Amino acid sequence: MYFNIKRYFYGISKRRFWLLLILFPPMFYIFVSASNTDRFYIKQNISISKGLTLALASGPAGLKQMNEIVAHPDDFFLNTFAVRKLYTELYVGTAVYRADGQFRNLLEMIKNNMSFEMPSEDVAIIAFNGKDKAIGQTLVSYYANRLIQKSKEGLVRSKHEESSFRLPSLMGNMEIKEHRSLWRPDRLVPLVLISFISLIAVLMVLAVLEWSDPSFKSERQVAQYLELPILGSLPDLNKISAALHSKP
């Protein structure tokens, strides 16, 4: 057993340059990850007055000021009725259960990836920043149209004259920006896994190469297979020469 272990490590030492192959799969993974788009910033500009109120509450007379929505966007994005309706549109035929993992994932995605801001008095921006382009487009479109719909309902509930405010509307098409990055923290686990598999694969290849080498590895092997007495052996002169030259 000890001889086999010693032989294996000797084989690794003899073919040590093969160990560089361990680095290739992790480096390839990093290169591919860095060159591929892995984040999308999707936004929709909306022409809307900051003085409008939105019909968001569950009651027929419930209203929220636009300033409140800017300060607390979760009141808009995570509104119970809004998320339930969105869920039924995304997953047609699926009942809505708040304890369902799919529903919780949708809530988390909305909470972590959606944003609402008003850079001016008459422009609102609803944006998504995340990994899934298709879901991002759906969310931005859904909430942009919902903002317009609820602001129009708010005009009716608050009994404002429509002529006193410009009716909200979409401003142009949805904008999509692609983002790449050399490194992101969520790539650490796949990188470690790929590195481990690469290490095991190279060590297995080295083991196969060493055990398929038919040359004798020791005097004991020579005596065992040839059934002849060993009178002597020649040392590795390269090692002796290297040791002599290394001395001062």
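Refer to the structure above for everything that follows.
Residues numbered from 1 in each chain as written. Predicted model: local features only at pLDDT ≥ 70, side-chain atom pairs only at ≥ 80, totals over all residues. Heavy atoms only, no water.

Colleague: Could you give an account of the overall build of the protein chain, naming the residues involved and the relevant values?
Modeller: Counting secondary structure elements, the protein chain contains 10 helices and six strands. In the protein chain, which comprises 248 residues, the proportion classed as buried is 31%. For the protein chain, the share of sequence-separated contacts (at least 6 apart) that also reach a separation of at least 24 residues comes to 70%. Here the protein chain has roughly 16,200 Å² of accessible surface; of this, 61% comes from carbon and sulfur atoms. (Helix = DSSP H or I, 4+ residues; strand = E, 2+ residues; numbered from the N terminus. Buried < 20%, exposed > 50% of the residue type's maximum accessible area, 1.4 Å probe, protein only. Contact = heavy atoms within 4.5 Å. Areas by Shrake-Rupley, 256 points an atom, 1.4 Å probe, with all protein chains shown as cover.)

Colleague: Please give an account of the environment of Ile69 that cites residues and values.
Modeller: Turning to its location among the elements, Ile69 is positioned in helix 3 (residues 66–71). Ile69 has contacts with Leu54, Leu56, Lys64, Phe76 and Phe116, leaving out every residue within four places of it along the chain.

Colleague: Summarise the environment of Thr80; cite the residues concerned and give the values.
Modeller: Along the polypeptide, Thr80 turns up in helix 5 (residues 80–90). Taking the relative accessible area as the measure of exposure, Thr80 reaches 38% and is therefore partly exposed. Taking C-alpha positions, Thr80 is 9.9 Å from Leu56, a pair spaced 24 residues apart along the chain.

Colleague: Provide a residue-level description of the nonpolar core, including the pertinent values.
Modeller: Formed by 34 residues in total, the largest nonpolar core has its most connected members in Ile126, Tyr143 and Leu147. When residues of this core are traced back to their parent elements, those giving at least two are strand 1 (39–47), helix 3, helix 4 (74–77), helix 5, helix 6 (101–113), strand 4 (114–120), strand 5 (123–130) and helix 7 (133–157). Of all the elements, helix 7 adds the most residues to this core, at nine residues. The next biggest cluster of nonpolar side chains, apart from the first, holds five residues, and it includes Tyr8, Ile12, Ile22 and Val202. (Core = buried A, V, L, I, M, F, W, Y, C linked by side-chain atoms within 4.5 Å.)

Colleague: Describe the pairing of strand 1, with residues and values.
Modeller: It is a general feature of regular strands that their side chains alternate between the two faces of the sheet. Of all nine residues in strand 1, eight are buried, a share of seventy percent or more. Bridge count between strand 1 and strand 5: eight bridges; the pairing is antiparallel. Among the inter-strand pairings, Lys43 is bridged to a residue of strand 5, identified as Ala127. (Pairing = 2+ DSSP bridges.)

Colleague: Could you give an account of a nonpolar patch on the surface, with specific residues and numbers?
Modeller: Together, Phe17, Trp18, Leu20, Leu21, Leu23, Phe24, Met27 and Val205 give the surface a local cluster of nonpolar side chains, amounting to about 820 Å² of exposed area. Along the chain, Leu23 turns up in the loop between helix 1 (2–14) and helix 2 (24–35). Overall, Leu23 belongs to the partly exposed group, its relative accessible area being 45%. (Patch = residues over 30% accessible without salt bridge, like charges linked within 9 Å, V, L, I, M, F, W, Y side chains within 5 Å. Salt bridge = Lys/Arg side-chain N within 4 Å of Asp/Glu carboxyl O.)

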